[in-house]
Amino acid sequence: MRIASWNVNGIRAAIRKGFWEAVRKLDPDILCLQEIKANEPPEIPLDLQGYVWYWFPAKRKGYAGTAVLTRIKPQNVVYGLGVAKFDDEGRVITLEYPEFYVVNAYFPHAQRGLTRLDFKLEFDKAIEQYVERLRKRKPVVLAGDFNVAHKEIDIARPRENVNNAGFTPQERAWIDQFLRKGWIDTFRYFHPNETGKYTWWTYRYNARAKNIGWRVDYIIVSPELRERLCDAWIFYDTYASDHVPTVAELSTK
């Protein structure tokens, strides 16, 4: 089973820049999207009719939101965390399958001046509590844009970004302690020491061509799924967004 996560930075713009071509190349079973910025899902091309949408937009038009494009029908779908201030921004969708949950999350950005850092840390705590509750029932795949680079290896210019949104000690401390509970960062599980592997680059300064990037998109699994992990990688063959998909493959029983 191939699971991918991708911040599309606006689904309409991404489609104009090659979104569906990327889906065809990537060939995911489950594709978790963040920052869809649209109230309604786009029409799925005829050659991809095996897929269906699950769509959770923000109440504010043109902002945030999550969606899942899947060709494996879930048993159940839950929209949100049950916390209005997060659910109003369309930040979490959960798909339940017989053997595990897939949770698609768009973590808030702490913003310039860290004006939303407290909001971000509240969300961190809420999503952690949520997936820990789910994990008591069955294993969990947590995929999304976490809006944090975990370690210095995950950012091109760590020293220049200390205390900037996405690389504050508080944000990094949260993901540290979360992973210490046994959760597995699938990309680092297979590529523990690889440098220069990023999932987001600013559109400014020709950053992607220079590979001045951040790895802020993750697929993290509960430890019960360790033996089913087959591979994980970053899919670079698209320019449909300022992010690229991160991918994990799990064996099916």
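Just above sits the structure.
Residues numbered from 1 in each chain as written. Predicted model: local features only at pLDDT ≥ 70, side-chain atom pairs only at ≥ 80, totals over all residues. Heavy atoms only, no water.

**Examining the overall build of the protein chain**
Argument step 1. If you tally the helices and strands in the protein chain, you get eight helices and 12 strands.
Argument step 2. Here the C-alpha atoms of the protein chain give a radius of gyration of 17 Å, agreeing with the 18 Å that 2.2 N^0.38 yields for 253 residues.
Argument step 3. In terms of its C-alpha atoms, the protein chain occupies a principal-axis envelope of roughly 45 × 40 × 35 Å.
Argument step 4. Contacts in the protein chain between residues far apart in sequence, at least 24 positions, make up 70% of those at least 6 positions apart.
Argument step 5. Carbon and sulfur atoms make up 48% of the accessible area of the protein chain, which amounts to about 11,300 Å² in all. (Helix = DSSP H or I, 4+ residues; strand = E, 2+ residues; numbered from the N terminus. Rg over C-alpha atoms; globule rule 2.2 N^0.38 Å. Contact = heavy atoms within 4.5 Å. Areas by Shrake-Rupley, 256 points an atom, 1.4 Å probe, with all protein chains shown as cover.)

**As for the environment of F19**
Argument step 1. Within the fold, F19 resides in helix 2 (residues 19–26).
Argument step 2. Sequence-distant contacts of F19, defined by excluding residues within four places in its chain, comprise W6, V8, I11, A14, L31, L33, W53 and A240.

**Considering the nonpolar core**
Across soluble globular proteins, you tend to see nonpolar side chains buried next to one another.
Argument step 1. With 25 residues, the main nonpolar core has V103, I127, V131 and F146 as its most contacted residues.
Argument step 2. Going through the elements one at a time, strand 7 (101–106), helix 4 (117–135), strand 8 (140–145), helix 6 (169–180) and strand 10 (217–221) are the ones with two or more residues in this core.
Argument step 3. Top element by residues in this core is helix 4. It accounts for seven residues.
Argument step 4. In this view, V131 contacts V103, V140, L142, F178 and W183; residues no more than four positions away in its chain are not counted.
Argument step 5. By size, the runner-up hydrophobic cluster in this structure holds 24 residues, among which are V8, I11, A22 and L31. (Core = buried A, V, L, I, M, F, W, Y, C linked by side-chain atoms within 4.5 Å. Buried < 20%, exposed > 50% of the residue type's maximum accessible area, 1.4 Å probe, protein only.)

**Considering the side chain of R208**
Argument step 1. By secondary structure assignment, the location of R208 is in helix 8 (residues 207–210).
Argument step 2. Comment: no salt bridge for buried R208; closest opposite-charge side chain is D237, at 7.2 Å.
Argument step 3. Non-local contacts of R208, meaning those with residues more than four positions away in its chain, are made with W201, Y236, T238, Y239 and V244. (Lys, Arg positive; Asp, Glu negative; His and termini not counted. Salt bridge = Lys/Arg side-chain N within 4 Å of Asp/Glu carboxyl O.)

**Some remarks on the pairing of strand 12 (residues 246–250)**
Argument step 1. Burial of strand 12 is extensive: four of the five residues sit out of reach of the surface.
Argument step 2. Where strand 11 (residues 229–234) meets strand 12, five bridges bridge the pair, whose relative direction is antiparallel. Residue pairing for strand 12: W233 is matched across the bridge by V247. (Pairing = 2+ DSSP bridges.)

**Considering the sheet that holds strand 3 (residues 52–56)**
Argument step 1. Taken in spatial order, the six strands line up as 3-4-2-1-12-11 in an open sheet, and their pairing is mixed. Of all strands in the sheet, those bounded by a partner on one side alone are strand 3 and strand 11. Mean inter-strand twist for the sheet, computed between neighbouring axes without regard to direction, equals 15°.
Argument step 2. Pairing analysis gives five bridges linking strand 2 (residues 30–34) to strand 4 (residues 66–70), with the strands arranged antiparallel. (Axes fitted to C-alpha atoms, helices over the stretch in contact; angles between N-to-C directions.)

**Looking at the packing of aromatic side chains**
Argument step 1. Enumeration according to the criterion identifies 18 aromatic pairs in this entry.
Argument step 2. When the centroid spacing of 6.5 Å and the interplanar angle of 35° are considered together, the rings of F146 and W174 count as tilted. A residue pair is termed long-range when its members are at least 10 positions apart, and F146 in the loop between strand 8 and helix 5 (158–161) and W174 in helix 6 qualify at 28 residues. No difference in accessibility class separates F146 from W174, as the two residues are buried.
Argument step 3. Taken together, a centroid distance of 6.2 Å and an interplanar angle of 55° make the contact between W201 and Y236 tilted. Of this pair, W201 sits in the loop between helix 7 (186–190) and helix 8 while Y236 sits in the loop between strand 11 and strand 12, placing them 35 residues apart in sequence.
Argument step 4. An aromatic cluster is defined as three or more aromatic residues linked by ring pairs; in this entry it consists of F86, F107, F119, F123, F146, W174, F178, W183 and Y218.
Argument step 5. The ring of Y101 has K138 sitting right over it, with the charged end atom 5.3 Å from the ring centre.
Argument step 6. Seen from the ring of W201, R208 lies directly overhead, with NZ or CZ sitting 4.7 Å from the centre. (Phe/Tyr/Trp six-rings, centres within 6.5 Å; stacked < 30°, edge-to-face > 60°. Lys NZ or Arg CZ within 6 Å of the ring centre and 35° of its normal.)

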